[in-house]
Amino acid sequence: MKKDFSVKTIVAIGIGSAVFVILGRFVVIPTGFPNTNLETAYPFLALISVIFGPVAGGLIGLIGHTLKDFTTYGSAWWSWIICSGIIGVIYGLAGRKIDLQHGEFNKKDIIYFNIYQVIGNAVVWGLIAPTLDVLIYSEPASKVYTQGVIAVVLNIIAVGIIGTLLMAAYAATRTKKGSLTKD
């Protein structure tokens with residue numbers, strides 16, 4: 001699939017942002033550590049980013065997380081919003097070598113995507129998000145880096161399991177390249 005700004009991509013950004021908000025607000029599992037949950041929004045973001053590309057993934061992460069924060073807390077936590085956009089871009093970049101649109105998602109694709117997402121989650125949530133918390137909000141480093149480590153582990157697990165299953169399910173619904181059936 002072309003990863004340009006078609007009407008389909010713009011609609012996906014709007015719907016994807018809304019689904020991100022719903023999942024981020026209502027389908028989370030609290031960890032017991034402040035403001036750190038197992039999020040189901042990120043596996044969904046991974047799927048949509050792989051399908052529609054890094055720009056769409058980044059915008060869905062930014063818009064969805066912003067709306068989620070405003071509707072949940074009444075204000076935005078910009079450091080983590082920025083990081084949601086960055087991770088959407090990273091998932092989308094990983095997706096450039098995966099052809100879900102043509103029913104392709106084999107073991108090699110699964111391994112490739114999950115190596116990419118593990119590294120991306122480690123850098124984004126373990127390093128960038130807590131560093132921005134310290135720089136922007138003067139948060140205590142020990143608190144935010146602990147939150148970051150928890151977020152890394154939880155997002156790696158969630159995207160690795162739920163995200164992989166979503167991508168496999170999506171690929172299974174698509175017509176395989178070279179089949180006699182038309183797209």
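An unreviewed UniProt entry annotates the chain as UPF0397 protein ATZ35_09490 originating from Enterococcus rotai. Word for word, the UniProt comment on the chain under Sequence similarities (unreviewed entry) is "Belongs to the UPF0397 family."

S.K.: Let's hear about the packing of aromatic side chains: which residues, and what values?
M.R.: For the coordinates displayed, the defined rule picks out 6 aromatic pairs. Look at Y42 and W125: their rings are 5.5 Å apart centre to centre, the planes differ by 70 degrees, and that puts the pair in the edge-to-face class. Highlighted residues: Y42 in helix α2 (residues 41-52) and W125 in helix α5 (residues 107-137), separated in sequence by 83 residues. Exposure class is identical for Y42 and W125. Each is buried. Every member of this aromatic cluster is reached through a ring pair, and the members are F20, Y42, W80 and W125.

S.K.: Tell me about the UniProt feature "transmembrane region" (unreviewed entry) in the chain, and please be specific about residues and values.
M.R.: Feature annotation in UniProt assigns "transmembrane region" (unreviewed entry) to the following positions: residues 6-28, 40-64, 76-94, 115-137 and 149-172. For residues 76-94, the helix share is 89%, the strand share is 0%, and the end-to-end C-alpha distance is 28 Å. End C-alpha atoms of residues 115-137 are separated by 31 Å, and the span's content is 100% helix alongside 0% strand.

S.K.: Give a detailed account of the environment of I110, specifying residues and quantitative values.
M.R.: Examined against the element boundaries, I110 turns out to sit in helix α5. With relative accessibility at 28%, the residue I110 sits in the partly exposed group. Distance from I110 to L38, taken between C-alpha atoms, is 21 Å for residues 72 residues apart in sequence. Discounting residues that sit within four places of it in the chain, I110 has contacts with F105 and T164.

S.K.: Break down the environment of A151 for me, with residues and values.
M.R.: The residue A151 is located in helix α6 (residues 141-173) in this model. In the structure, A151 is positioned 108 residues away from P43 in sequence and 13 Å away in space, judged by C-alpha atoms. Those residues in contact with A151 that sit more than four places away from it in its chain are T36, W80 and W125.

S.K.: Residue-level account of the nonpolar core, with values.
M.R.: Core analysis: the biggest nonpolar cluster contains 34 residues, and Y42, I87, Y91, L100, F113, W125 and M167 have the highest contact counts within it. At the level of elements, α1 (7-26), α2, α3 (54-73), α4 (78-95), α5 and α6 are the ones that each hand at least two residues to this core. Looking at this core, the element that brings in the most residues is α2, giving 10 residues. If we ignore the near neighbours within four places in the chain, the residues touching Y42 are F20, H65, S84, I87, Y91, W125, N155 and V159.

S.K.: With reference to specific residues and values, describe the pattern of salt bridges.
M.R.: Here the structure, examined in full by the defined rule, presents 2 salt bridges. Here K68 makes a salt bridge to E39, at a shortest N to O gap of 3.6 Å. Of this pair, K68 sits in helix α3 while E39 sits in strand β2 (residues 37-39); the two residues are 29 residues apart in sequence, bridging distant segments of the chain. Summarising the burial analysis for this pair, K68 and E39 share the class buried. Note that K143 is salt-bridged to E139, the shortest N-O span being 2.7 Å.

S.K.: Could you give an account of unusual backbone geometry, naming the residues involved and the relevant values?
M.R.: The phi dihedral of S138 is positive, around 55 degrees, even though this residue is not glycine. Inspection of the secondary structure puts S138 in the loop between α5 and α6. S138 gets classed as exposed once you look at its relative accessible area, which sits at 62%.

S.K.: Summarise α1; cite the residues concerned and give the values.
M.R.: Taking 1.5 Å as the rise per residue, α1 with 20 residues should run 28 Å; its terminal C-alpha atoms sit 29 Å apart, in good agreement. Among the residues making up α1, those that are buried are T9, A12, I13, G16, S17, F20, V21, L23 and G24. Turning to α1, the residues buried within the fold contact β1 (28-30), β2, α2, α3 and α4.

Definitions and cut-offs
- Residues numbered from 1 in each chain as written.
- Predicted model: local features only at pLDDT ≥ 70, side-chain atom pairs only at ≥ 80, totals over all residues.
- Heavy atoms only, no water.
- UniProt positions renumbered as here; feature names shortened; annotations may be inferred.
- Phe/Tyr/Trp six-rings, centres within 6.5 Å; stacked < 30°, edge-to-face > 60°.
- Helix = DSSP H or I, 4+ residues; strand = E, 2+ residues; numbered from the N terminus.
- Buried < 20%, exposed > 50% of the residue type's maximum accessible area, 1.4 Å probe, protein only.
- Contact = heavy atoms within 4.5 Å.
- Core = buried A, V, L, I, M, F, W, Y, C linked by side-chain atoms within 4.5 Å.
- Salt bridge = Lys/Arg side-chain N within 4 Å of Asp/Glu carboxyl O.
- Expected span 1.5 Å × (residues − 1).

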